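Examining the three-dimensional arrangement
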Amino acid sequence: MAKKIEPSLTTIGNFLTRDGSDSIFQVPEYQRAYSWDISRCDKLWQDIADYIGSGSKDHYFFGTIIINCQDDDTKYVLIDGQQRTTTFLLLLKALLINIDSQIEKASNDIEAESLIKGLNERRNKIVKILYRTEVEYIPDCKKKDDCKRLCNNYTPILENKSINELYKTELNNILSSYDYPEAEANVVKIPRKQKDNKYTNYFKNFKFFYEKAKELGESKLNEFCKNVLDNCEVIEIKSWQVDQAITMFNSLNSDGMPLFDSDIISAQFYANAEKSGNGIAFTQKWKDLMDTLNAQSPEILVDIDSLLMQHMYYVRTSRKETVRDGSPNVTTPGVRRYFLEGDRDIGSKALVTDPITQINQISNLATIWVFASQQDNTAIRTLLKFNENSKLFVGSFFYRFDGIRSDDKKISTGTNPISSQNITEIAELLMRLFSILDLVDVGYSSSKFKSFLFLEETKLIDEAIPLSEINKDFSNHIKKYWSPKEIYDTLRDCGANAFVYLNE
């Protein structure tokens, strides 16, 4: 019988303490990369400082963390809370280095005996958390060689398996370092970046905490550490079923980073793939998709959320959900709802129930967009200067193709590869209408734009319909609503950046 969900209110110190060398936090494959930045770390630090300054006797609450327990309760998979858990580990390491420094400074001061005792107590708790060592085996901070050996023999407390994380070992690089200079030497330096930009978020956040802690005197440092460990709390919710844990993850948005559509959708994709025995295959395909997106030129054309939106538009059009009885249905569901539930009005199946098919189609779309980003194709870049909605209809057109061709040579598998010329043709076609959108006083949602484009999208996805036919539709539509003189007069006085770019 499956165990019941176990919620418990616990301190940060108790939450992070995992006994035994086999116990480890784990970031699952479908989670996002570590993305907290200094602004969020600054807020975290200030929240704790304000709490201490308030003198409140109540504990400070840092939200809910959802854990899926596996392998005889030795692996604690962070379904929700990996950003905070990682950040707290970085914070504790920064505090530990400063505690060692303050103990060394105060060791010759007889009057500081009680303070040193308090700092040592905090130090022992942090060392036990980070290095899973019982108090009797923790070396005195004055024995630097022993302390270095303890750090350098570090066994990871958190394993990052995320297919979105580029720097999986970065947290361990920091925690296995004895002091700040060693951590700075051990961490990743991103090529072609300067100053602090060459460091990952892991090290930048660690550096922020280290410098903030350095500003505290020994008394305030001791107080700060005590409050972090003993007076800051989270609700830890343990589950023993991954789909159950992910359902809670979908429903809750605690004090961590907001949940993006791609986070929710990829989690459900993975859960369904795992159920059908395709978890490993999906994980590899998702990783390949992220690698493909990272191969774009410096001018990024699409990200994962943009691809999911384009895929939804394509699926709705191919299912004939966007045109009913000859009239466009421009009411668009949210991406998350559509992927998870489908179109409830007409009983369309949720996309997450077929993760492998969907990831294959999205990956093909990503490959074409990356190809477009790598070409010297002024037309597509110019189109995107006008309106982001143009991507939705470019993406629908891209679904006609199942590969890419460069200089008339097929460079990926597929029976109908796309060429740079095809990309230019669709960009110039859509630019005819989207440039007018920039000139007139009605918005994209007007029937002159969105309704017309929804009707034409049924043709854009159909490879049997030549672009010349669609081009005629555009010509007739433009002539119907705008006179050449009206457009010319408006264009002559236009100083919009997009038109400057178009002119160039």
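The structure this text deals with has already been given above.
The residue numbers shown here count from 1 along each chain, following its written sequence. Side-chain atom pairs in this predicted model are given and counted only at pLDDT of 80 or more, local residue features only at pLDDT of at least 70, and totals for whole chains, interfaces and linings cover all residues. Side-chain metrics in this entry use all non-hydrogen atoms of the structure; hydrogen atoms and water are not considered.

Moving on, we come to the overall build of the protein. Each helix corresponds to a stretch of at least 4 residues labelled H or I by DSSP, and each strand to a stretch of at least 2 residues labelled E; elements are numbered beginning at the N terminus. Helix and strand counts for the protein stand at 22 helices and eleven strands. For the protein, the spread of C-alpha atoms along the principal axes amounts to about 90 × 60 × 50 Å. Contacts: residue pairs with any heavy atoms within 4.5 Å of one another. Within the protein, counting contacts between residues at least 6 apart in sequence, those at least 24 apart form 71% of the total. Mean positive and mean negative side-chain charge positions of the protein (63 and 73 charges, respectively) differ by 1 Å. We treat Lys and Arg as the positive residues and Asp and Glu as the negative residues; His and chain ends play no part in the count. Note that the charge is assigned to NZ on lysines, CZ on arginines, CG on aspartates and CD on glutamates.

A few words on the pattern of salt bridges. Two side chains that carry opposite charge are able to pair once their charged atoms sit near each other. Within this document, salt bridges are pairs made up of a side-chain nitrogen of Lys or Arg and a carboxyl oxygen of Asp or Glu, the two lying within 4 Å of each other. Enumeration over the complete set of coordinates arrives at 20 salt bridges. Its salt-bridge partner being D146, residue R149 comes within 2.8 Å of it at the nearest N-O pair. Of this pair, R149 and D146 both sit in helix α5 (residues 144–152), separated by three residues, roughly a single helical turn. Overall, the relative accessible area of 32% leaves D146 in the partly exposed class. Look at the salt bridges and you will find they share partners, linking K125, K226 and D230 into a network. Think of it in three bands: with a 1.4 Å probe and only protein chains considered, a residue is buried below 20% of the maximum accessible area for its type, exposed above 50%, and partly exposed in between.

All right, on to the packing of helix α2 (residues 38–54) against helix α3 (residues 82–106) then. Helix axes are fitted only over the stretch in contact, all axes being lines through C-alpha atoms; the angle between N-to-C directions runs from 0 to 180 degrees. Contact pair α2 / α3: the axes reach a minimum separation of 12 Å and the direction vectors enclose 65°. Comparing their axes, α3 and α2 come out roughly perpendicular. As α2 runs across α3, the sense of the crossing is right-handed. For the pair α2 and α3, the contacting residues are C41, L44, W45 and I48 in the first and T87, F88, L91 and L95 in the second. Ten residue types, Ala, Val, Leu, Ile, Met, Phe, Trp, Tyr, Cys and Pro, are classed as nonpolar, four, Asp, Glu, Lys and Arg, as charged, and the remainder, Gly among them, as polar. Residues that form the contact of α2 with α3 fall into these classes: seven nonpolar, one polar and no charged. The labels follow the angle: roughly parallel below 35 degrees, roughly antiparallel above 145, roughly perpendicular from 65 to 115, and oblique for the rest. Crossings are assigned a handedness: left-handed for a near helix turned anticlockwise from the far helix by less than a right angle, right-handed for a clockwise turn.

Bringing the pairing of strand β6 (residues 232–239) into the picture now. Taking burial as the measure, the eight residues of β6 include seven buried ones, the bulk of the element. Pairing between two strands requires that DSSP report at least two bridges joining them. Looking at chain direction, strand β1 (residues 6–11) and β6 are connected through six bridges and run antiparallel. Bridge pairing in β6 places T10 opposite V234.

Of note, N471 is situated in helix α20 (residues 467–481). N471 sits in the partly exposed class, given a relative accessible area of 32%. Those residues in contact with N471 that lie beyond four places of it in its chain are L429 and R432. In protein, a polar contact means a hydrogen-donor-capable atom and an acceptor-capable atom, both N or O and within 3.5 Å, with residues adjacent in sequence counting only if both atoms are side-chain atoms; elsewhere, any N or O pair within 3.5 Å suffices. A polar contact of 2.6 Å, which involves the side chain of N471, links it to the side chain of R432.

Aromatic contacts are taken between Phe, Tyr and Trp rings whose centres are within 6.5 Å, Trp giving its six-membered ring; a plane angle under 30 degrees counts as stacked, one over 60 as edge-to-face, and the others as tilted. As enumerated under the stated definition, the model contains 29 aromatic pairs in all. Consider the rings of F15 and F25, whose centres lie 5.3 Å apart with planes at 45°: the pair is tilted. Residue F15 is found in helix α1 (residues 12–16), and its partner F25 is found in strand β2 (residues 24–27); the two are separated by ten residues along the sequence. In this pair, the class of F15 matches that of F25, namely buried. An aromatic cluster of three or more residues is present, and its members are Y180, Y199, F203, F206 and Y210. Placement of a charge over a ring requires the Lys NZ or Arg CZ to be within 6 Å of the ring centre, with the centre-to-atom vector within 35 degrees of the ring normal. The ring centre of Y76 lies 4.2 Å from the NZ or CZ of R18, which sits over that ring.

Here helix α19 (residues 447–460) spans 18 Å end to end across 14 residues, near enough to the 20 Å set by a 1.5 Å rise per residue. Where α19 is buried, its residues meet α13 (304–318), β7 (323–324), β8 (327–328), α17 (390–398), α18 (420–437) and α20. What a helix should span is 1.5 Å times the count of its residues minus one.

What follows is about the side chain of S23. As for its position among the elements, S23 is in the loop between α1 and β2. Those residues in contact with S23 that sit more than four places away from it in its chain are R18, T74, Y76 and R132.

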